[in-house]
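Residues per chain, in single letters:
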Amino acid sequence: MSEARTVDVAAARPRVRPMRWVAGAVMLVLAAQLGWFLYTNPRFEWPVVGQYLFHPNVLLGLGMTVLLTVICMTLGSGLGVLLAVGRLSAFRPLSWACTLYIGLFRGVPPLVQLLFWFNLAYLLPRISLGVPFGPTFASWPTNTVISALTAAIIGFTLHEAAYMAEIVRAGILGVDAGQRDAARAMGFTAGQSFFKVVLPQAMRVIIPPTGSQFISLLKGTSLVSVIALADLLYSVQVIYNQTYQIVPLLIVACFWYLIVVTLLSVGQQRLERHFGKGQ
Amino acid sequence: MSGEPVLRVREVRKSFGDHAALDGVSLEVREGEVVTVIGPSGSGKSTLVRCVHQLEAIDGGAMYLDGELLGHEFHRGHLRPLPARKVAAQRSRMGMVFQQFNLFAHWSVLRNLTEPQVLVHGTPVEKAREEALRLLERVGLSDKAQAHPRQLSGGQQQRVAIARALATNPRIMLFDEPTSALDPELVDEVLSVVRDLAGGGMTMIIVTHEMSFAREVADRCVFMEKGRVVETGTPEEIFEHPRSPRLRAFLSRFSGRAAETPHDRVLEEETAS
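Once a new chain begins, its residue numbering starts again from 1 and follows that chain's sequence as written. Each chain takes a letter, starting from A, and each ligand takes a number, starting from 1, following the order in which they are written. Predicted model: local features are reported for residues with pLDDT of at least 70 only, side-chain atom pairs are reported and counted for 80 or more only, and whole-chain, interface and lining totals are derived from all residues. With hydrogens and water set aside, each side-chain value is computed from the structure's full complement of heavy atoms.

**Points about the side chain of Arg164(B)**
Summarising the element assignment, Arg164(B) is placed in helix α5 (residues 154-167). Partly exposed residues are those whose accessible area sits between 20% and 50% of the maximum for their type, while under 20% is buried and over 50% is exposed, using a 1.4 Å probe and protein chains only. His residues and chain termini do not enter the charge count, which takes Lys and Arg as positive and Asp and Glu as negative. Between Lys or Arg on one side and Asp or Glu on the other, a salt bridge is scored when a side-chain nitrogen of the former is within 4 Å of a carboxyl oxygen of the latter. Buried charge Arg164(B) goes without a salt bridge, the closest partner of opposite sign being Asp176(A) at 10.0 Å. Looking at Arg164(B), its side chain comes within polar contact range of the main-chain oxygen of Phe101(B), at 3.5 Å. A polar side-chain atom of Arg164(B) sits 3.0 Å from the main-chain carbonyl oxygen of Asn102(B). Not counting the four nearest positions on each side in its chain, Arg164(B) is found in contact with Ala182(A), Met186(A), Phe101(B), Asn102(B), Leu103(B), Phe104(B), Asn112(B), Leu113(B) and Pro116(B). A run of H or I in DSSP becomes a helix once it reaches four residues, and a run of E becomes a strand once it reaches two; helices and strands are each numbered from the N terminus. Here a polar contact means two N or O atoms within 3.5 Å. Within protein one must be a hydrogen donor candidate and the other an acceptor candidate, and residues neighboring in sequence count only if both atoms are side-chain atoms. Any two residues whose heavy atoms approach within 4.5 Å are treated as being in contact.

What follows is the structure in structure tokens.
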């Protein structure tokens, strides 16, 4: 049988999908249940959450968390770029050394590293400056140099650098070889070629995983509470150890972590749009 | 004509693994001379210009630009590779145009032309800009100064690439199959820019598959096969009176189509199959 009418698919109506309605209803019920649980369970102690949300010590802790993240991310990224370049170097010993570093520092958990650097004094009682195997010019007791903060900065920077090195290396390898040829052909030096041509184009590939890395570092810094560095988590711990209001104070910490992570995600999207321009 | 050629290539050898890409190639290019290089795929003609530009290191022989040894120097009586900085300086005296254009993808057309002048030659930004705009006008793309490379057609990108190579005021221009990556209808706009340069007295080596163009634009034509220069001569000698059987065999694949009609293009890939 042939179709008598002239068909125009623009006139088609959407299909009815009953299972979607069922799934939607289930999700609505679950959401209502969760909301009810949050609202009615007195142990959340929402008034306490409100009371400590902007507590000076909590805000100081938040500041420390953000500061530590920014410092370690900055230093780690810089070191990571150097490691990536070193790993791609034609000079084999340098390439091997960088590969070894990356394998080592990606393999050791950050918490273990943190404890290790914090306890460096056991291994190395004094830190000294001088000629290797020769005379020493100055030295300091390790415990005065390595505070909780410096241990945290060293630990996270070295850990972060290993991850960033792999991210940057992938970015560099993703840039078309013709771009490097063209840069060399124009008479650019190796440095100009890398910083003006290769790295800016590698950013498109580097930015998305770096954003995730930034976020995971921010959350990772909560580990410093084990060496009594007053970050966000440690600050709320100090408070609930006195008041025993554990859950509401952990919610305060979660609230701030989520705020900062959300801001970082927005920043990441903007950067991606910026560096995606040329492609 | 002065005595010293702009470029002198003497017995250059280059291998990739076991494969000898250049097996003792010699070539001289004089001031204002246009040399076209033809030959089958894999004959080493692209490798030759890449070696001249020092994008590939040669294994033996020597190359001179204006009498200056390329890539090496005598240091306390010993021949040694040049430091990277000096190699870069030598490269900046030659202009290179690639098959794949290789415009800097993250910069605007204008910046593609200004940045090399500023970075490599220390030209003041304003002067570099003027020069860039003048060159864009010359290749007929003044209106595209602010565009990004990916917004241009292949032919337009290649014309920008030619302007970019000219921006640093090179002694010699090297073309590595400049039209091989282009759609057929975009080839002529690029060739007319190259033709215009040849008319302006620019010294050039052009590696090309465009037989009629190779004949028309050349002062001298070089036929390469298996990493060697098989025959060199004027376009008439090469295309009308080929001496070697191999050149005759190569040209016979184009006969009846390319040799007679100057603007008919024939891609080698089509005939080689």
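**Side note on the UniProt feature "transmembrane region" (unreviewed entry) in chain A**
Residues and elements named next belong to chain A. UniProt positions are given in the numbering used here, feature names are shortened, and annotations may be inferred rather than shown by experiment. UniProt records the feature "transmembrane region" (unreviewed entry) for residues 21-39, 59-85, 97-118, 138-159, 222-240 and 246-267 in the present numbering. Across residues 97-118, the secondary structure splits into 91% helix and 0% strand, with the terminal C-alpha atoms separated by 25 Å. Annotation note: span residues 138-159, helix share 73%, strand share 18%, distance between end C-alpha atoms 29 Å.

**Section: the sheet that holds strand β10 (residues 204-207) of chain B**
All names here are of chain B. Read across the open sheet, the 6 strands follow the order β8-β9-β10-β3-β11-β12; overall the sheet is mixed. Single-partner strands in this sheet number two, and they are β8 (94-97) and β12 (228-233). Between one strand axis and the next, the sheet turns through 20° on average, direction left out of account. Criterion used throughout: strands pair if DSSP finds at least two bridges between them. Sheet topology places strand β11 (residues 220-225) next to β12; 5 bridges connect them, and they run antiparallel. Each residue of the ladder has a partner; that of Val-222, found in β12, is Thr-232. Contacting β3 (34-38), β9 (172-176) and β10, helix α6 (residues 187-199) runs over the sheet at an angle of about 155° to β10. Note on definitions: angles span 0 to 180 degrees between N-to-C directions of axes, and those axes are lines fitted to C-alpha atoms, for helices only across the stretch in contact.

**What about the interface of chain B and chain A?**
Across the contact, 26 residues belong to chain B and 20 residues belong to chain A. Here chain B is connected to chain A by 2 salt bridges. Among the salt bridges present, the one from Glu115(B) reaches Lys196(A), with a minimum N-O distance of 3.7 Å. Taken together, the connections running from chain B to chain A amount to 9 residue pairs in polar contact (both at pLDDT 80 or more).

**Concerning the confidence of the model for chain B**
Residues and elements named next belong to chain B. Each residue carries a pLDDT value, the predictor's own confidence for that position, ranging from 0 to 100. Residues of chain B with pLDDT of at least 70 account for 92%, and the chain-wide mean is 89. Throughout residues 257-273 the model reports pLDDT below 50, and contacts reaching past four residues in sequence, or to other chains, amount to 36 contacts. Overall fold confidence (pTM) sits at 0.80, and the ipTM for the predicted complex is 0.83.

**Section: unusual backbone geometry**
Residue and element names in this part refer to chain B. The phi dihedral of Gln-54 is positive, around 65°, even though this residue is not glycine. With respect to the helices and strands, the residue Gln-54 is situated in the loop between α1 (45-52) and β4 (60-65). By relative accessible area, Gln-54 is classed as buried at 10%. The backbone phi angle of Glu-177 is positive, close to 45°, even though this residue is not glycine. Locating Glu-177 in the fold gives a position in the loop between β9 and α6. Relative accessible area serves as the criterion here: at 9%, Glu-177 is assigned to the buried category.

**Considerations on the environment of Gly200(B)**
In this fold, Gly200(B) is placed in the loop between α6 and β10. In the structure, Gly200(B) is positioned 20 residues away from Ser180(B) in sequence and 24 Å away in space, judged by C-alpha atoms.

**So, the pattern of salt bridges**
As enumerated under the stated definition, the model contains 23 salt bridges over all chains in all. The partner of Arg50(B) in a salt bridge is Glu56(B), with the nearest N and O atoms 3.1 Å apart. Looking at Arg50(B), the relative accessible area reads 16%, which means it is buried. In this structure, Glu189(B) and Arg159(B) form a salt bridge, with 2.4 Å as the shortest nitrogen-oxygen distance. A residue pair is termed long-range when its members are at least 10 positions apart, and Glu189(B) in helix α6 and Arg159(B) in helix α5 qualify at 30 residues. Judged by relative accessible area, Arg159(B) falls into the buried class, the value being 12%. One network of salt bridges, in which partners are shared, links Asp181(A), Arg184(A), Arg50(B) and Glu56(B).

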